[in-house]
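Each chain, letter by letter, is given below.
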Amino acid sequence: MNKKILLPIIAVSLIFLVYLGLLPKNQSIETPKADFVYSDVEKIQKTLATKNIVMSSPSVISDHTVKQYCTFFDNDGVQQFVSYCITTAILDSDGKPFGNINMGGNPIEPNMALAIVETGSPFDSKSDEIGFVFETMIKVLVCDCWEEKQPGGFESVSAWVRAAEQQYSDSSQSNLISKINGLNQKQLVLEIASSGDSYLWTLIVIK
């Protein structure tokens, strides 16, 4: 049996996410379109393994609990649900589970994917792993073009994560969201939210 943890999306908390203006809301970056598919989880798995991050085989969720693992908000702030979702667990280099990578849509084609990483502090030792997980998600599901396009003026995905981290640290708010629109015709949403004594880092990729 695959070791995994499930970190459900806290839908209610997302409604109160604060837009702190890390990026212009409607920034547009045009590149040729390429859609991701469910089998891309295998590419993500192989890439994460190069940094000793283990990713479990996907489990399918299609019952009423699907909204806990694969849901998102569209550009109008309306919560969207899917009928089909696959979820995987990720384990850090010490073999400890620390998050999930999920993908959802209909049984044939996904229209969203997300990575959720839980940390004990926004500035703990998992910062490098968070950056690598998010960078891998973007390279595989969006494009390997970040350094060329540098959306938002960030030279790397890690630079975007660090900027969000700093903005969150400087703010008195408990939630932060930063968006990049139009990179290979995808929407990227980076969220940091407090959850009790821990923090949830989420990257959502939307077609």
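Below is a short write-up of the structure. (Residues numbered from 1 in each chain as written. Predicted model: local features only at pLDDT ≥ 70, side-chain atom pairs only at ≥ 80, totals over all residues. Heavy atoms only, no water.)

**Concerning the overall build of the protein**
Step number 1: Regarding its fold elements, the protein presents five helices and 10 strands.
Step number 2: Every one of the 207 residues in the protein was classed for burial, and the buried ones make up 49%.
Step number 3: Across the protein, every contact between residues at least 6 apart in sequence was considered, and the portion connecting residues at least 24 apart equals 64%.
Step number 4: Accessible surface, the protein: about 9,800 Å² in total, of which carbon and sulfur atoms supply 49%. (Helix = DSSP H or I, 4+ residues; strand = E, 2+ residues; numbered from the N terminus. Buried < 20%, exposed > 50% of the residue type's maximum accessible area, 1.4 Å probe, protein only. Contact = heavy atoms within 4.5 Å. Areas by Shrake-Rupley, 256 points an atom, 1.4 Å probe, with all protein chains shown as cover.)

**Brief notes about the pattern of salt bridges**
Pairs can form between side chains of opposite charge whenever their charged atoms are close.
Step number 1: If you walk through the whole model with that rule in mind, you get four salt bridges.
Step number 2: We note a salt bridge from Lys 186 to Asp 35, for which the minimum N-O separation is 3.9 Å. One end of the pair, Lys 186, is in strand β9 (residues 186-195); the other, Asp 35, is in the loop between α1 (11-15) and α2 (40-49), with 151 residues separating them in the sequence.
Step number 3: On the basis of relative accessible area, Lys 186 is assigned to the buried category, the value being 2%.
Step number 4: Salt-bridge contacts for Glu 109 lead to Lys 207; the nearest nitrogen and oxygen are separated by 3.3 Å. Linking Glu 109 in the loop between β6 (97-105) and β7 (110-119) with Lys 207 in the segment after β10 (198-206), this pair joins segments that are 98 residues apart in sequence. (Salt bridge = Lys/Arg side-chain N within 4 Å of Asp/Glu carboxyl O.)

**Side note on the packing of α2 against helix α3 (residues 127-141)**
Two quantities define a packed helix pair, namely the angle between the helix axes and the distance between the axes.
Step number 1: The contact between α2 and α3 brings their axes to 10 Å, and the two run at 140°. Between α2 and α3, the angle falls in the class oblique. Where α2 crosses over α3, the handedness of that crossing is right-handed. Here Asp 40, Lys 43, Ile 44, Thr 47 and Leu 48 of α2 lie close against α3, whose contacting residues are Phe 132, Val 133, Thr 136, Met 137, Val 140 and Leu 141.
Step number 2: For the contact of α2 with α3, the class distribution of residues is seven nonpolar, two polar and two charged. (Axes fitted to C-alpha atoms, helices over the stretch in contact; angles between N-to-C directions. Parallel < 35°, antiparallel > 145°, perpendicular 65-115°, else oblique. Left-handed = near helix turned anticlockwise from the far one by under 90°. Nonpolar A, V, L, I, M, F, W, Y, C, P; charged D, E, K, R; others polar.)

**Considerations on α2**
Note that an α-helix has 3.6 residues per turn; residues three or four places apart therefore point the same way.
Step number 1: For α2, the complete set of buried residues consists of Asp 40, Val 41, Ile 44 and Leu 48. Angular distribution of buried residues about the axis of α2 spans 105°; they occupy a single face of the element. When the buried face of α2 is taken as reference, the exposed residues oriented beyond 90 degrees from it are Lys 43 and Lys 46.
Step number 2: In this structure, the buried residues of α2 make contact with β1 (54-55), β5 (84-91), β6 and α3. (Arc of directions from axis to C-beta.)

**Regarding the side chain of Asn 100**
Step number 1: Considering the arrangement of structural elements, one finds Asn 100 in strand β6.
Step number 2: Overall, Asn 100 belongs to the buried group, its relative accessible area being 0%.
Step number 3: At 3.1 Å, the side chain of Asn 100 and the backbone oxygen of Thr 88 are in polar contact. (Polar contact = N/O pair within 3.5 Å; in protein donor to acceptor, adjacent residues only side chain to side chain.)

**Details of unusual backbone geometry**
Step number 1: Positive phi outside glycine occurs at Gln 150, with the angle close to 45°.
Step number 2: Note on placement: Gln 150 falls in the loop between α4 (146-149) and α5 (157-170).
Step number 3: On the basis of relative accessible area, Gln 150 is assigned to the partly exposed category, the value being 35%.

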